[in-house]
Amino acid sequence: MKHCLICSGCVETFIDFGRMPLGNAFLTAEEFETEYFFNLAAGVCESCFAVQLTDQPKPEKMFHSRYPFFTGSSGRMSAHFEEMARSVSARFLPGSDPFVVEIGSNDGTLLDFFRARNIRHLGVDPSSNVAEAAARKGVQTLCAFFDEREAGKILSEHGSADLILAANVICHIAALHSVLSGIDLLLTDAGVAVFEEPYMRDVLEKTAYDQIYDEHVFLFSLHAVQKALGPHNLELFDAQREWTHGGSMRYFIGRKGARPESEELLRLLAEEKLAGMTRMKTYEDFRGRCEKSREGLVRALEGFKKDGLSAAGYAATSKSTTVLNYAGIGPDLLPYICDTTPEKQGKFTPGVHIPVRPPEAFRSPYPDRALLFAWNHAEEIMAKEKDFLLSGAKWLVYIPHVKTL
Ligand code: DWN
Ligand code: ZN
């Protein structure tokens, strides 16, 4: 029995994917023999209902100088972050000389908004290649893991922060209480922290089991975040659902008692209970749906092969690593995956070793069927790839159900 990383309660495993590589460990053929694997399983805390991995690879194994995900790889996400920066600035930034810190600032997509307006800012990211991409844009960036110690250093060098932001980051950090202590230390008394993270309710409702991989140590709910903030001088005062990453929650956090709880927060908390997020059975049922989804996906790909239809994957996401390894889908069923990220092209996907090719390979000629791994970017991709359907080909999707479109 594992203990909860948030409240030390008992964590009950509800899905075990078995031996799994790291979601973003795209590799060369020479690296196959030394590939790293761990046991991927998710559990839920019987006390605070935080969903979490039962084993976590060391952070340095996941975030380093060859991290292959760049926030700016989606135009729609870049626009989303500009909107986020605009709205939190209007709502929370004080008038004179504000200071904004972003935890996990990646290539600086979000902080670029503040840089362009000469607002004092600092990004913190442990992956040196993405941190360098941010620095090249002129975004002030520190290459480090954010924790209580790092927060102390930032405080003594720059002073306290009026706004602390993080998008798809806090759920990646097992040492959550050290991060929250750091925020507690760094934030001004009237300051606000805003996080945006994949939302467990969406994972449950869409059977999005591919959100479970090494980097997602947690898949949060409002209940879990409330519990995590408890020991710190911090509390939730508002929340907002977002469309990003297939369904996210934006958490608004201030000092205890500083701001009234919004009606929306209370409504969303009540909805979590109605949705069964505080009942163990909900998580057991989820496992059954994942098994069905996996069977349906393999059946569909085997059917294409039997019918002589060519198939390819679209977007070598981190999420695809869970799907491919859980379902045992290799190059025999999916000969290649196209992706826009130069750092992934020419390499192989983790575990099942499917070649990753540039997007041009998708168009010359189109495959008969394309399995869409970046389902969270479906709108952007479908608009860009209109001619694919016009060629008579079809998409294969697996969220929320396996079907061809
Ligand atoms: O939480 C995380 C999120 C923020 O990003 C990280 N742990 C890692 C990463 O997860 P992901 O890889 O599942 O994210 P995406 O945004 O679903 O993946 C995008 C991938 O798809 C990139 O490799 C780029 C590629 N892509 C593409 O080939 N064509 C994306 C778009 C929009 C496209 O048109
Ligand atoms: Zn707990």
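Predicted, not measured: the structure shown is a model, and the values here were computed from it.

### Considerations on the overall build of the protein
Move 1: The helix and strand inventory of the protein stands at 14 helices and 18 strands.
Move 2: Against the compact-globule benchmark of 22 Å for 405 residues, the protein has a radius of gyration of 21 Å, which places it among compact chains.
Move 3: By its C-alpha atoms, the protein is 65 × 45 × 40 Å across when sized along the principal axes.
Move 4: Here the protein, with 405 residues, has 57% of them falling under the buried criterion.
Move 5: Side chains of the protein give 44 positive and 54 negative charges; the mean places of these two sets differ by 3 Å.

### Let's talk about helix 2 (residues 75-92)
Residues lying three or four places apart along an α-helix face the same way, a consequence of the helix completing one turn every 3.6 residues.
Move 1: With 18 residues, helix 2 ought to run about 26 Å at 1.5 Å a step, and its terminal C-alpha atoms sit 26 Å apart, in line with that.
Move 2: Tucked inside the fold, the buried residues of helix 2 contact helix 3 (112-116), strand 8 (161-167), strand 9 (187-198), strand 11 (235-242), strand 12 (248-254) and helix 13 (378-384).
Move 3: Its side-chain oxygen 3.3 Å from the backbone nitrogen of arginine 76, serine 74 forms the N-cap of helix 2.

### Some remarks on the environment of serine 128
Move 1: Mapped onto the fold, serine 128 is located in helix 4 (residues 128-136).
Move 2: For the pair serine 128 and glutamate 242, spaced 114 residues apart in sequence, the C-alpha separation works out to 29 Å.
Move 3: Non-local contacts of serine 128, meaning those with residues more than four positions away in its chain, are made with His64, Ser65 and Cys143.

### Focus on the pairing of strand 16 (residues 369-372)
Move 1: Because side chains alternate across strand 16, one face comprises the buried residues Arg369 and Leu371, and the other comprises Ala370 and Leu372, equally buried.
Move 2: Bridging between strand 13 (residues 311-314) and strand 16 involves four bridges; their strand directions are parallel. Considered in strand 16, the bridge of alanine 311 is made with arginine 369.
Move 3: As defined by bridge partners, strand 16 adjoins strand 17 (residues 394-397) across three bridges and the pair is classed as parallel. From the neighbouring strand, alanine 370 faces strand 17, where its bridge partner is tryptophan 395.

### Considerations on the coordination of the zinc ion (ligand 2)
Note on metal sites: the ideal angle is 109.5 degrees for four tetrahedral donors, and 90 or 180 degrees for six octahedral donors.
Move 1: Coordination of the zinc ion (ligand 2) by the protein involves Cys4 (SG), Cys7 (SG), Cys45 (SG) and Cys48 (SG), with metal-donor separations of 2.3 Å.
Move 2: Spacing between the donor residues of the zinc ion (ligand 2) along their common chain follows C-x2-C-x37-C-x2-C. Here cysteine 48 lies in the loop between strand 3 (38-45) and strand 4 (51-53) and cysteine 7 lies in the loop between strand 1 (2-3) and strand 2 (10-20), a separation of 41 residues in the sequence.

### Examining the site of ligand 1
Move 1: Near ligand 1 you find 26 residues, and of these Glu215, Lys319, Lys344, His377 and Lys384 are the closest.
Move 2: Lysine 344 places a polar side-chain atom, nitrogen or oxygen, 2.7 Å from an oxygen atom of ligand 1.
Move 3: The side chain of histidine 377 places a nitrogen or oxygen atom 2.7 Å from an oxygen atom of ligand 1.
Move 4: Protein chains shield 97% of the accessible area of ligand 1, which is 710 Å² for the free molecule.
Move 5: The set of elements that each furnish at least two residues to the shell around ligand 1 consists of helix 11 (318-327) and helix 13.
Move 6: No other element matches the three residues that helix 13 contributes to the shell around ligand 1.
Move 7: When grouped by side-chain class, the residues that make up the shell around ligand 1 number seven nonpolar, 13 polar and six charged.

### Things to note about the sheet that holds strand 14 (residues 337-338)
Move 1: Within the open sheet, the six strands sit side by side as 15-14-13-16-17-18. Their pairing is mixed. Either end of the sheet is taken by a strand with one partner, and the two such strands are strand 15 (356-357) and strand 18 (403-404).
Move 2: Against the sheet, helix 10 (residues 280-306) contacts strand 13, strand 16, strand 17 and strand 18, and its axis sits at roughly 150° relative to strand 17.

### Topic: the sheet that holds strand 10 (residues 218-219)
Move 1: Sheet architecture is open: five strands sit in the order 1-2-3-4-10, paired in antiparallel fashion. Of all the strands in the sheet, the pair left with one neighbour each is strand 1 and strand 10.
Move 2: Alignment of strand 3 against strand 4, held across three bridges, turns out to be antiparallel. From the neighbouring strand, valine 44 faces strand 4, where its bridge partner is valine 51.
Move 3: Packing of helix 10 onto the sheet brings it into contact with strand 2, strand 3 and strand 4, and relative to strand 2 it is tilted by some 15°.
Move 4: This element, helix 11, spans strand 2 and strand 3 of the sheet and lies at about 75° to strand 2.

### Focus: the side chain of aspartate 214
Move 1: Topologically, aspartate 214 is positioned in the loop between helix 7 (200-206) and strand 10.
Move 2: Despite its burial, aspartate 214 pairs with no opposite charge; the closest candidate is lysine 61, at 11 Å N-O.
Move 3: Within the structure, the side chain of aspartate 214 is placed 2.7 Å from the backbone nitrogen of glycine 23, a separation counted as a polar contact.
Move 4: Apart from the residues within four sequence positions on either side, aspartate 214 is in contact with Pro21, Leu22, Gly23, Phe38, Leu40, Leu53, Pro57 and Met62.

### Brief notes about the pattern of salt bridges
Move 1: Under the counting rule described, the total for this entry stands at 22 salt bridges.
Move 2: Among the ionic pairs, arginine 201 bridges to glutamate 205, the shortest N-O distance being 2.9 Å. Within this pair, arginine 201 and its partner glutamate 205 are both found in helix 7, separated by four residues, close to a single helical turn.
Move 3: According to the relative accessible area criterion, arginine 201 is buried, its value standing at 11%.
Move 4: Via salt bridges that share partners, Arg201, Asp202, Glu205, Lys206, Arg241, Glu264, Arg267 and Glu271 belong to a single interconnected network.

So, how was this worked out
- Residues numbered from 1 in each chain as written.
- Chains lettered and ligands numbered in written order.
- Predicted model: local features only at pLDDT ≥ 70, side-chain atom pairs only at ≥ 80, totals over all residues.
- Heavy atoms only, no water.
- Helix = DSSP H or I, 4+ residues; strand = E, 2+ residues; numbered from the N terminus.
- Rg over C-alpha atoms; globule rule 2.2 N^0.38 Å.
- Buried < 20%, exposed > 50% of the residue type's maximum accessible area, 1.4 Å probe, protein only.
- Lys, Arg positive; Asp, Glu negative; His and termini not counted.
- Charge placed at Lys NZ, Arg CZ, Asp CG, Glu CD.
- Expected span 1.5 Å × (residues − 1).
- Contact = heavy atoms within 4.5 Å.
- Polar contact = N/O pair within 3.5 Å; in protein donor to acceptor, adjacent residues only side chain to side chain.
- Pairing = 2+ DSSP bridges.
- Donors = N, O, S within 2.8 Å, 3.2 Å for Na, K, Ca; no water.
- Near = heavy atom within 4 Å.
- Areas by Shrake-Rupley, 256 points an atom, 1.4 Å probe, with all protein chains shown as cover.
- Nonpolar A, V, L, I, M, F, W, Y, C, P; charged D, E, K, R; others polar.
- Axes fitted to C-alpha atoms, helices over the stretch in contact; angles between N-to-C directions.
- Salt bridge = Lys/Arg side-chain N within 4 Å of Asp/Glu carboxyl O.

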